[in-house]
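# Examination of the molecular architecture
Each chain, letter by letter, is given below.
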Amino acid sequence: MSERPDRRPSPSAAKRTGWRRPAAPAAAAPPAGPPTGPQPAPAASPTPEHRSVIDSAVYRDGRRIASPATLAETFRQLREEPDGMAWIGLHRPTEPELHSLAAEFNLHELAVEDALEAHQRPKLERYGGTLFVVLRAARYLDAQEEVDFAELHIFVGPDFLITVRHGGAPDLSAVRRRMEGNPELLSLGPEAALYAILDAVVDGYAPVVEGVQTDIDEIETEVFRGDPAVSRRIYELSREMVEFQRATRPLVGMLHGLMAGFAKYGTDEELQRYLRDVADHVTHTSERVDGFRQALTEILTVNATLVSQQQNAEMRALAEAGFEQNEEIKKISSWAAILFAPTLVGTIYGMNFSSMPELSWHFGYPFAILLMAVVCVSLYVIFKKRDWL
């Protein structure tokens, strides 16, 4: 981590180590005499009405000693406090605001560009004596039963900590109040504030994990109940778990990287214990998220199997209904053929031609009746052998 931000070198130590604060902007120096002509407009800074600066404070020995209204005033207060620390909280800042911070605290242009554009993966990068940390906070929305993600960028230097928030989470005002209630911890410097923010982000994952667990339990019930809308819910929750995994998995490596630099940067032992605790929580959360993804994959497979079985059952029922219908049609057709035979014979004898040979025959009527009976019985026997009747 950064070089003991809670202990800025004294003037004599600064000469030995070469450490010095970035030079203040020329516009910030008081004029040598009365202005002799039109003065240029001051550097862009947020007005009191501009709400991108959520809170800005200067601390000494872990206690707030100033609450400047503007960034320019914060810079001035910090210069006047050789042992002070600035904690600046921003929400969706403007480009001039970030550039003024970059000029004052010597922030790297690539880190500033990332903070402006957002949509970054969680990462930890070091630019000289400044750490640049990107975190993905999450919160569970009960009403929508979905996970909302927000992005947080943090600049940590020898005597400053800057947070740039894109989204609604986490509530950094609560983090600040917690640290102000523990001056001993806050006196350890910007690294302690970074720990508190990491801890708040990781603790914010716990309600998300519980909410997702409840969703998975409900989905399992819906799957075996045959709810047709469950497939969409599984897919949407799986996508959220992919995002959740992208937010938590890199944190494991980031925290292990911070812990690897404990000895090199002389991190306080108490702070080391706190960061190890956060790393344990992150590892646990990451494992839970991995388990959720595996569970959702298995649930999706089971749902596909159940849907396939249901479709097979419906096809089998349709086939059986078709078979029964075919049997009924065969019976109807068979009886229609049997009944058609007497009609055919009777129709022939009802044509009333005088030259028909059987009209004057004494046994013509019995013969016609016998012919009808023989044809009907023959058809009945044939259809019966074929199981049509």
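Report follows, based on the coordinates. From a predicted model like this one, the values you see are computed outputs, not experimental measurements.

### Some words on the overall build of the protein
Secondary structure summary: the protein contains twelve helices and seven strands in total. For the protein, buried positions account for 40% of its 389 residues. Excluding contacts between residues fewer than 6 apart, the proportion of contacts in the protein whose partners are at least 24 apart in sequence is 66%. For the protein, the exposed surface amounts to about 21,900 Å²; the carbon and sulfur share of it is 56%.

### Some points on the packing of helix H2 (residues 71-80) against helix H3 (residues 95-105)
Two elements in contact, H2 and H3, have axes whose closest approach is 11 Å; the angle formed by their N-to-C orientations is 15°. If you check the angle between H2 and H3, you find them roughly parallel. Crossing of H2 against H3: the hand is right-handed. Across from Leu71, Phe75, Leu78 and Arg79 in H2, the residues of H3 making contact are Glu97, Ser100, Leu101, Glu104 and Phe105. Broken down by class, the residue content of the contact of H2 with H3 amounts to five nonpolar, one polar and three charged.

### Comments concerning helix H4 (residues 109-117)
Listed as buried for H4 are Ala111, Val112, Asp114 and Ala115. Around the axis of H4, the buried residues are gathered within 160° of arc, so they sit on the same side. At its buried positions, H4 is contacted by H3, strand S4 (123-127), strand S5 (130-141), strand S6 (146-156) and strand S7 (160-166). In the segment just after H4, Ala118 is the residue with positive phi, at about 60°.

### Some details on the environment of Arg126
Within the secondary structure layout, Arg126 lies in strand S4. Residues Arg126 and Phe155 lie 29 residues apart in sequence; the distance between their C-alpha atoms is 9.7 Å.

### Quick look at the packing of helix H8 (residues 205-225) against helix H9 (residues 230-260)
Axis separation between H8 and H9 bottoms out at 11 Å; the angle between their running directions is 155°. The orientation of H8 with respect to H9, classified from their angle, is roughly antiparallel. Of the two possible hands of crossing, H8 and H9 adopt the one that is left-handed. Together, Tyr205, Val208, Val209, Val212, Asp215, Ile216, Glu218, Ile219, Glu222 and Val223 of H8 and Val230, Arg233, Ile234, Leu237, Met241, Phe244, Ala247, Thr248 and Leu251 of H9 make up the contact between the two elements. Taken together, the residues that form the contact of H8 with H9 break down as 14 nonpolar, one polar and four charged.

### Some thoughts on the pairing of strand S1 (residues 53-60)
Taken together, the seven bridges between S1 and strand S3 (residues 84-91) define a ladder with antiparallel strand orientation. Bridging across to S3, Val53 finds its partner in Leu90. With three bridges joining them, S1 and strand S2 (residues 63-66) adopt antiparallel strand pairing. Across the sheet, residue Arg60 finds its bridge partner in S2, namely Arg63. From the end of S1 to the start of S2, which pair antiparallel, there are two residues, and Asp61 there has a positive phi angle of about 55°.

Cut-off values and rules
Residues numbered from 1 in each chain as written. Predicted model: local features only at pLDDT ≥ 70, side-chain atom pairs only at ≥ 80, totals over all residues. Heavy atoms only, no water. Helix = DSSP H or I, 4+ residues; strand = E, 2+ residues; numbered from the N terminus. Buried < 20%, exposed > 50% of the residue type's maximum accessible area, 1.4 Å probe, protein only. Contact = heavy atoms within 4.5 Å. Areas by Shrake-Rupley, 256 points an atom, 1.4 Å probe, with all protein chains shown as cover. Axes fitted to C-alpha atoms, helices over the stretch in contact; angles between N-to-C directions. Parallel < 35°, antiparallel > 145°, perpendicular 65-115°, else oblique. Left-handed = near helix turned anticlockwise from the far one by under 90°. Nonpolar A, V, L, I, M, F, W, Y, C, P; charged D, E, K, R; others polar. Arc of directions from axis to C-beta. Pairing = 2+ DSSP bridges.

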